[in-house]
Structure formats: structure tokens, C-alpha cells
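Commentary on secondary and tertiary structure
Chain residues, written in single-letter form:
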Amino acid sequence: NARGLSRRQFLRTTAAVAALSTLPACSLVSASRQNGQWEYHLSAEPSQAELVPEHQTDVLAFNGETPAPTIRCRQGEPVTIHFTNNLNEPTTIHWHGLRIPIEMDGVPFLSQAPIQPGETFTYRFTPPDAGTFWYHPHMNSVVQLGKGLVGAIVVEEATPVVFDEEHTLTLKHWHLDRQGNWKDLAIPRYSARMGTPGEWGTVNGIHHPEYTLQEKATTRLRLANVDNTLTYPIQVRGAEAWIIAIDGNPIATPRRLETHKIAPGMRLDIGLIAPNAGETVEIMHMKGDFPFLLASFTATPSTLTEKPLPTLPLNPVAKPDLENAETRHFVFEWAGAITPADKQGKGKHEFWLMNKRAWEGMSKGNIPEPIAKLERGKTYIFDLKNVTQYHHPIHLHGHTFTVLEMDGKPVTPFHTDTVLLGKNGHAKAAFVADNPGRWMYHCHVIEHMKTGLMGFVEVT
Ligand code: C2O
Ligand code: CU
Ligand code: CU
């Protein structure tokens, strides 16, 4: 079995390198860029993948591929994505972190009708921000995301910022046993706690992939947590690593990466200089006291000479007007009310409350009042309080927060679409409500979202 693994890793690594050498054109999806316009054909369908070496697993996949194709496009340039639903159930596709018009946000009932099996829906948008984002369905999420419909979006800077090496790493623990058979994606007693963890850890669909870097290369690693449940505390060994962007958004002053937590939905861009040939950089998942290796990069000989890391321009996120801001309070609470499941196992599971309210089961007939009504153009400070002992990555669609305070302490303001509240954590995050529409606002631990921790804000 060890032989199969290394052979397979070799093949995958070669494929990855081949793909990278053709950047920035997108070789992985049928895509084309013409006259500053990007066009993609994307589908979702049942497929198979060899996630556990030498075992085939039935998955759901974009364009039949695992990992899903990375969508590349450029800040300020229009993108057209012809999406066809080849699943046996309805779906919609959401472009996580992109500040685009509500009609393109991919949320059933709030922004569009569900896309039925066999139907095609064309998404058109122009990303205003550059960075690392991702895409996923917004229906039956435990299953659709859990079984593989998760992919990265790379939005290049309007004025290209060039690193010698760039790698996108999507992190996901699949709910598989060692034979590649599915285990439960959601177990209620875990849904009511931290969520049900998958056991088969992968980066880009591979367990412990090994990549190469040209020695001394200026390197950008784009990490995206596309997992349903797990938070990855990230460390890098073997090179001095810098945080250059958080959740897609460059930070004003890069800082040394010690340990940085990325919860479901969150991203992290790391900048580093590749070491000398033969040396290895390791991306670690600091699980408690037990570090796990996620991926490794071995430096190969090159003719590159050492140079500083390029700097990233900040995204054009409107500056909150804090003087005239209005504060809205949100309390995230444990409800723990389990109503026994009916014979189909479809009982109401309401484990979590947002301001004393649980929204469980999204359907045409089950759209509640907005959790907040906001006035277009005005600045709001969301005061987020987690009164549970589990963490919650709180995500808002269509807008980008400027985080002001974490756990009672002011922070150097940074932009994000997802604020991670730790156990009993507290945060203050401001934003200008400049995008009209009904925007989902939810915990990105998918089981928490599905068992109550979701709502939407209305900007008019
Ligand atoms: Cu990744 Cu509703 O979001
Ligand atoms: Cu989103
Ligand atoms: Cu949560």
C-alpha cells in the first residue's frame, strides 16, 4: 500500500506542477479569457475519486474533478460562469467572500430560485476585491459540501502581483474510513457541540501531498478551509512565514505567522521565501499538542536570487464611518432542544440560537423576518457575543467586515468576511451596508448553520 501511495503522490505532484507552469491561464476548467472577460463552464455531478489510495469513493464533484477546479479571474474584470446542475437534487452556487450583487449570491429563495436537476443558471459578476476566495453550494450543505462540492477562487490583483511560486491549498477532512467508505456526515450529538469531524485529512484531495518549490522563490500559499467542521490552527516549519492576507483580504502590514486559526470558510495567504535546495517547508495543523503534517514543499535547485516578497495592495473596502455608526448586538447561544426525529430521521434539530432565534430548514415556505434591517450606506458595528463553549466562525454575505475588537481588546483593524468567535468569544466588527439585498449571516460550521445558527440581514 505504501508503494501505491508514493506512486500516486508522484503522479499528482507532477500534474500539479504541470498545471502551475501554465498559470495564469486556467488549465483546470474549461475557461477562456477574452478581451478582459472570463468565461467558465461548471457543473456539479456525482463522480468518483481516489481519496484514500487504492479505494474509490462516490463523491459529488465540480466538472467531475476532485479537488474541484480552481476558478481564476481578475479584480475588476467580468466573469461569466455557466453552471449546470447534474445532481439529483436542486442546488445553487455561492461565491464565498465576493462582494457582488445579490442576484448572483447563490442563496436559494433569498437571491434566486433553486437550480433544478438538469437546469443551467448563468452567474455573472465582477469581483471588486483581489484575493483567495472559494465557492460552494448553498443547499443541503452538509451533504453537498461534505461530499466534495467545494473549490477555490483566485482573484488576481488588477495590477498583477507576481510571486515566483504560487500554490492554492484547500483543506478538508473527509468523513471516510480507511477503505474510503462514507461515515456519518452529521451526528446530532456532535452537531450540538463542535460538529462532526471527518477523519481523512487532505490538502487538494490528497493526504499529505508533497510539492516542490524553486529554491529562493518568493512564494505565495493560498490556504482555504473548505471543511464543514474543523478549525485548523496553522503553523509553518522550515521557513520564515508571513501572514499577507486574511480571508482573502491583504493586511496593511504583513506579520510573522506564529499560529493562525482558520475555521470553516476562512482563508489565509502566507508569504515566504523558499529555502535552499533540498530543504523542506512543512504546513502544519496544530491539533492540540499533536501537530499534523498537512503538506510539504521541498526546494529544488533554481537560478533565482534572493529578493524581498512583493507587497499586496489593500482591497477597496469602504471605510466604516465609526462616529456615526449604529451598533447591533448579536448573541450566539446554545439551545440544545432536540425534538425526536420522525421515522425518516428528519426531526427538528434546533441546537443553536442567534438572538434567541433558530432558523432550521430553509425552504420557500420557511423564510423568517430578517435578523436585522439595515439602511443602505450607513455604517454598522456588529457586536458579536458567543455565550457557548464552542467556537463559531460567523460569516456575512455580500459585505466585508473591518474587525475592531476581539475579546475586549482593540486589534489592528483587518478585513474579513468571517469572524471567528472562540469559546465565549466576543468581537466588534464594522462595515458599511453598501450592498442592497437580503444577505445570509450564519455560522460556517455547516452543522451549526443547519441546526439554527443562521439568519439574514436586509439592506435597503
Ligand atoms: Cu461560504 Cu453562506 O457561505
Ligand atoms: Cu459566503
Ligand atoms: Cu457555530
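Residues numbered from 1 in each chain as written. Chains lettered and ligands numbered in written order. Predicted model: local features only at pLDDT ≥ 70, side-chain atom pairs only at ≥ 80, totals over all residues. Heavy atoms only, no water.

On to the overall build of the protein. Helices and strands together make up the secondary structure of the protein, namely 4 helices and 31 strands. Rg of the C-alpha trace for the protein: 21 Å, near the compact-globule value of 23 Å for 460 residues, within the 12% margin. With the principal axes as the frame, the protein shows a C-alpha extent of 60 × 55 × 50 Å. Classification of the 460 residues of the protein by burial places 56% in the buried group. For the protein, long-range pairs separated by at least 24 residues make up 74% of all intrachain contacts whose partners lie at least 6 apart in sequence. (Helix = DSSP H or I, 4+ residues; strand = E, 2+ residues; numbered from the N terminus. Rg over C-alpha atoms; globule rule 2.2 N^0.38 Å. Buried < 20%, exposed > 50% of the residue type's maximum accessible area, 1.4 Å probe, protein only. Contact = heavy atoms within 4.5 Å.)

Pairing between the strands of a sheet comes from backbone hydrogen bonds, and it takes one of two forms, parallel or antiparallel. Spatial ordering of the open sheet is given by β11-β10-β13-β18-β15-β16, a layout of 6 strands whose pairing is mixed. Strands with a single pairing partner mark the edges of an open sheet, and in this sheet they are β11 (200-203) and β16 (249-256). The average angle at which neighbouring strand axes cross in this sheet is 25°, direction not considered. Pairing analysis gives 7 bridges linking strand β13 (residues 218-225) to strand β18 (residues 267-273), with the strands arranged antiparallel. The residue of β18 that forms the bridge with L223 is L268. (Pairing = 2+ DSSP bridges. Axes fitted to C-alpha atoms, helices over the stretch in contact; angles between N-to-C directions.)

One number sums up the size of the largest pocket: a volume of about 930 Å³. Lining the largest pocket are 40 residues; nearest its centre among them are I246, V403, V411, T412 and F414. Going through the elements one at a time, β15 (241-246), β16, β17 (260-262), β26 (401-406), β27 (409-416) and β28 (418-421) are the ones with two or more residues in the lining of the largest pocket. Counting residues per element, the lining of the largest pocket draws most heavily on β27, which supplies 7 residues. The residue makeup of the lining of the largest pocket, split by class, is 21 nonpolar, 11 polar and 8 charged. (1 Å grid on protein atoms, 1.4 Å probe; cavity = no way out; pocket = protein on both sides within 12 Å on 5 of 7 lines; lining within 4 Å. Points joined across faces, edges and corners; volume = space filled by probe spheres on them. Nonpolar A, V, L, I, M, F, W, Y, C, P; charged D, E, K, R; others polar.)

Here the focus is the coordination of the copper ion (ligand 2). H94 (NE2) and H395 (NE2) make up the full set of protein donors to the copper ion (ligand 2), lying at 1.9 Å. Of the two residues, H94 sits in strand β6 (residues 93-96) while H395 sits in strand β25 (residues 392-396), which places them 301 residues apart along the sequence. Assessed through its relative accessible area of 1%, H94 is described here as buried. For H395, a relative accessible area of 0% gives the class buried. (Donors = N, O, S within 2.8 Å, 3.2 Å for Na, K, Ca; no water.)

A separate point is the coordination of the copper ion (ligand 3). Listed as protein donors to the copper ion (ligand 3) are H392 (ND1), C443 (SG) and H448 (ND1); their distances from the metal cover 1.9 to 2.1 Å. Mapping the donors of the copper ion (ligand 3) onto the primary sequence yields the spacing H-x50-C-x4-H. Of the two residues, H392 is situated in strand β25 and H448 in helix α4 (residues 446-450); the sequence distance between them amounts to 56 residues. For the residue pair H392 and H448, the accessibility class agrees, reading buried in each case.

So, on to empty space enclosed by the protein. Applying the stated criterion to the full structure yields 1 cavity of 30 Å³ or more. Lining the largest cavity we find R99, V317, A318, P320, H399, T400, T402, A430, F431, V432 and D434. The greatest single-element share of the lining of the largest cavity, amounting to 3 residues, is contributed by strand β29 (residues 426-432). A per-class count over the lining of the largest cavity returns 6 nonpolar, 3 polar and 2 charged.

With that settled, the discussion passes to the domain arrangement of the protein. How large an interface is tends to be reported as the accessible area lost when its parts come together. Domain parsing of the protein yields domain 1 (2-300) and domain 2 (322-459). Using only C-alpha atoms to locate each centre, domain 1 and domain 2 end up separated by 24 Å. Listed per partner, the contact involves 45 residues of domain 1 and 39 residues of domain 2. Interface area, domain 1 with domain 2, both sides summed: about 3200 Å², of which 63% is carbon and sulfur. For the pair domain 1 and domain 2, the interface holds 1 salt bridge. Between D417 and R267 there is a salt bridge whose closest N-O contact spans 2.7 Å. (Domains from an automatic or database assignment. Buried area = accessible area lost by both parts, 1.4 Å probe. Salt bridge = Lys/Arg side-chain N within 4 Å of Asp/Glu carboxyl O.)

This brings us to the packing of aromatic side chains. The final tally for this structure, using the stated rule, is 15 aromatic pairs. Judged by centre distance (4.8 Å) and plane angle (45°), the ring pair of F62 and Y135 falls under tilted. One end of the pair, F62, is in strand β3 (residues 57-62); the other, Y135, is in strand β8 (residues 131-137), and 73 residues separate them in sequence. Y135 sits in the buried class, given a relative accessible area of 0%. Through a chain of ring-to-ring contacts, three or more aromatic side chains come together here, namely F62, W95, F121, Y123, F125 and Y135. Of note, R189 hangs over the ring of Y190, and the distance from its end group to the ring centre comes to 5.0 Å. Taking the ring centre of F456 as reference, the NZ or CZ of R438 above it sits at 5.9 Å. (Phe/Tyr/Trp six-rings, centres within 6.5 Å; stacked < 30°, edge-to-face > 60°. Lys NZ or Arg CZ within 6 Å of the ring centre and 35° of its normal.)

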